[in-house]
Amino acid sequence: MGLFDKISEKFEKKECVFCGKEIGILGKKKLEDGVMCKDCVALLSPWFTDRKHSTVAEIEEQLAYREQNLKELESFKGTCVYGDQQSQFILDEPGRRFIVLPRKNADIAQLNPDIISFDQVEEMKLDISYSSTEEKIMRDGQRVSYEPPRYEHTFNFYLVIKTSHPYAHEHRCPLNSGSLKVHTAGPKMDRSYRLDALEDLQRFLDYFPPISMRDRYRVDKEMDDCYYFANMGEEIIRAITRG
C-alpha cells in the first residue's frame, strides 16, 4: 500500500461496529479489530482503560454487562455515603458492595457506575500528593525571601483502589476538589523522617510552631482541613475492607 492509500484510509469514514453510526477521523475510537463511536465508548465502564486492546467481541460482552449493571443499580440500597466534594462513595452495607460517583449528587442512572463487591477489592490506600514552595516578596525590584523564610505546602488527597472487577481494575479517586494549602514560617521542613507528608508537617509544626496567635489559628485551620480528608480516606478504607 502506497503513502497516498494509507492517508486516504486514515481519513476514510467508517461505521461504528455497534450502532452503525458513520464516524469521521475525529470521532473514531479504535479497537483491536474495529472502530466504535464516542457515544458507544461513553457506555463503557467509567474506569475501563483498555479499549484499544479489546476486540469487538470483548466490547460486546462488556456492553451487555453494562446493561445488567444498570438494572442492578435499581436494587442498590445506599446505606452510607462518604465524600462531599469529589469521588462520592456510596456503600450498600447489607449487600457488601459500593459505587463511586465522580462528584456529589451526580446522576446515577446516567453515569451507570460499576457496582463493586467488597470482596473484589484487592487493595485500597490513601495517596497524598505533596509539594512545597518558598514564598517570596518583591523588594527593590527583586524577589527575595521573607525573614524568617515562608513556605506554602500544597496537599491533595486520593484513594487508590485496585480490584478484581473485570472492567474496573484500578482507579485513583480524588477526595478534595481544590488543592489544600498550609503556610509556615521558619526553616525549610526536613522530609528525612520518611513519614507521610502530612505527618511530617505536623511533626515540623511541633518543633517550629507559629509565633503569633493569628498565624497559629490560621495554620490550625489549614491542618484541620487536611486531616479532614486524610481521615475520610482512612474511614472509607476501613468501611470497605472490613465490611
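The coordinates are above.
Residues numbered from 1 in each chain as written. Predicted model: local features only at pLDDT ≥ 70, side-chain atom pairs only at ≥ 80, totals over all residues. Heavy atoms only, no water.

**Some points on the overall build of the protein chain**
Consideration 1: Assigned secondary structure in the protein chain consists of six helices and 12 strands.
Consideration 2: The globule rule puts the C-alpha radius of gyration for 243 residues at 18 Å, and the 24 Å found for the protein chain is more than 25% above it.
Consideration 3: For the C-alpha atoms alone, the extent of the protein chain along its principal axes is close to 70 × 55 × 30 Å.
Consideration 4: The 243 residues of the protein chain split such that 38% are buried.
Consideration 5: Contacts in the protein chain between residues far apart in sequence, at least 24 positions, make up 47% of those at least 6 positions apart. (Helix = DSSP H or I, 4+ residues; strand = E, 2+ residues; numbered from the N terminus. Rg over C-alpha atoms; globule rule 2.2 N^0.38 Å. Buried < 20%, exposed > 50% of the residue type's maximum accessible area, 1.4 Å probe, protein only. Contact = heavy atoms within 4.5 Å.)

**Examining the layout of surface pockets**
Consideration 1: Estimated volume of the largest pocket: approximately 370 Å³.
Consideration 2: Surrounding the largest pocket, 18 residues form its lining, Arg150, His183, Thr184, Ala185 and Asp215 being those nearest its centre.
Consideration 3: Counting only elements with at least two residues in the lining of the largest pocket, the list comes to strand S10 (142–163), strand S12 (180–185), helix H5 (197–207) and helix H6 (213–241).
Consideration 4: Looking at the lining of the largest pocket, the element that brings in the most residues is S10, giving four residues. (1 Å grid on protein atoms, 1.4 Å probe; cavity = no way out; pocket = protein on both sides within 12 Å on 5 of 7 lines; lining within 4 Å. Points joined across faces, edges and corners; volume = space filled by probe spheres on them.)

**Examining a negative patch on the surface**
Consideration 1: Taken together, Glu32, Asp33, Asp50, Glu58 and Glu61 make up a surface patch of like negative charges.
Consideration 2: Residue position: Asp50 is located in the loop between helix H2 (38–41) and helix H3 (56–72).
Consideration 3: On the basis of relative accessible area, Asp50 is assigned to the partly exposed category, the value being 35%. (Patch = residues over 30% accessible without salt bridge, like charges linked within 9 Å, V, L, I, M, F, W, Y side chains within 5 Å. Areas by Shrake-Rupley, 256 points an atom, 1.4 Å probe, with all protein chains shown as cover. Salt bridge = Lys/Arg side-chain N within 4 Å of Asp/Glu carboxyl O. Lys, Arg positive; Asp, Glu negative; His and termini not counted. Charge placed at Lys NZ, Arg CZ, Asp CG, Glu CD.)

**Regarding H5**
Consideration 1: Turning to H5, its buried residues are Ala197, Leu198, Asp200, Leu201, Phe204 and Leu205. Buried residues in H5, looked at end-on, bunch into an arc of 155°, giving them a common side. Of the exposed residues in H5, those oriented more than 90 degrees away from the buried face are Asp206 and Tyr207.
Consideration 2: Next to the buried residues of H5 lie strand S9 (121–139), S10, S12 and H6.
Consideration 3: Looking at where H5 begins, the residue whose side-chain oxygen comes 3.0 Å from the main-chain nitrogen of Leu198 is Asp196. (Arc of directions from axis to C-beta. Polar contact = N/O pair within 3.5 Å; in protein donor to acceptor, adjacent residues only side chain to side chain.)

**Re empty space enclosed by the protein**
Over the atoms, a rolled probe matching the size of one water molecule traces out where space is still vacant.
Consideration 1: Enumeration according to the criterion identifies one cavity of 30 Å³ or more in this entry.
Consideration 2: A volume near 60 Å³ is recorded for the largest cavity.
Consideration 3: What lines the largest cavity is Pro46, Trp47, Ile99, Val100, Pro113, Asp114 and Ile116.
Consideration 4: Residue classes in the lining of the largest cavity are distributed as six nonpolar, no polar and one charged. (Nonpolar A, V, L, I, M, F, W, Y, C, P; charged D, E, K, R; others polar.)

**A look at the environment of Ala106**
Consideration 1: Its place among the elements puts Ala106 in the loop between strand S7 (97–103) and helix H4 (108–111).
Consideration 2: For the pair Ala106 and Ser212, spaced 106 residues apart in the sequence, the C-alpha separation amounts to 43 Å.
Consideration 3: Ignoring sequence-local partners within four residues, the contact set of Ala106 consists of Leu101 and Leu111.

**Let's talk about the packing of aromatic side chains**
Consideration 1: Summed over the entire model, instances satisfying the criterion amount to nine aromatic pairs.
Consideration 2: Relative to Phe229, the ring of Phe157 lies with its centre 6.5 Å away and its plane at 20°, an arrangement referred to as stacked. With Phe157 in strand S10 and Phe229 in helix H6, this pair connects stretches of sequence that are 72 residues apart. Residue Phe157 shares its accessibility class with Phe229, and that shared class is buried.
Consideration 3: Ring geometry for Phe204 versus Phe208: centroids 5.1 Å apart, planes at 40°, classification tilted.
Consideration 4: Judged by its relative accessible area of 40%, Phe208 is partly exposed.
Consideration 5: Joined through ring pairs, the aromatic side chains of Tyr130, Phe155, Phe157, Tyr228 and Phe229 make up one cluster.
Consideration 6: Taking the ring centre of Tyr146 as reference, the NZ or CZ of Arg150 above it sits at 4.0 Å.
Consideration 7: Its guanidinium or amino end placed over the ring of Tyr158, Arg172 lies 3.7 Å from that ring's centre, counting from NZ or CZ. (Phe/Tyr/Trp six-rings, centres within 6.5 Å; stacked < 30°, edge-to-face > 60°. Lys NZ or Arg CZ within 6 Å of the ring centre and 35° of its normal.)

**Thoughts on the environment of Cys16**
Consideration 1: As for its position among the elements, Cys16 is in the loop between strand S1 (14–15) and strand S2 (22–23).
Consideration 2: According to the relative accessible area criterion, Cys16 is buried, its value standing at 4%.
Consideration 3: For the pair formed by Cys16 and Asp39, sequence separation is 23 residues and the distance between their alpha carbons is 9.7 Å.
Consideration 4: Non-local contacts of Cys16, meaning those with residues more than four positions away in its chain, are made with Lys21, Ile23, Val35, Met36, Cys37 and Cys40.

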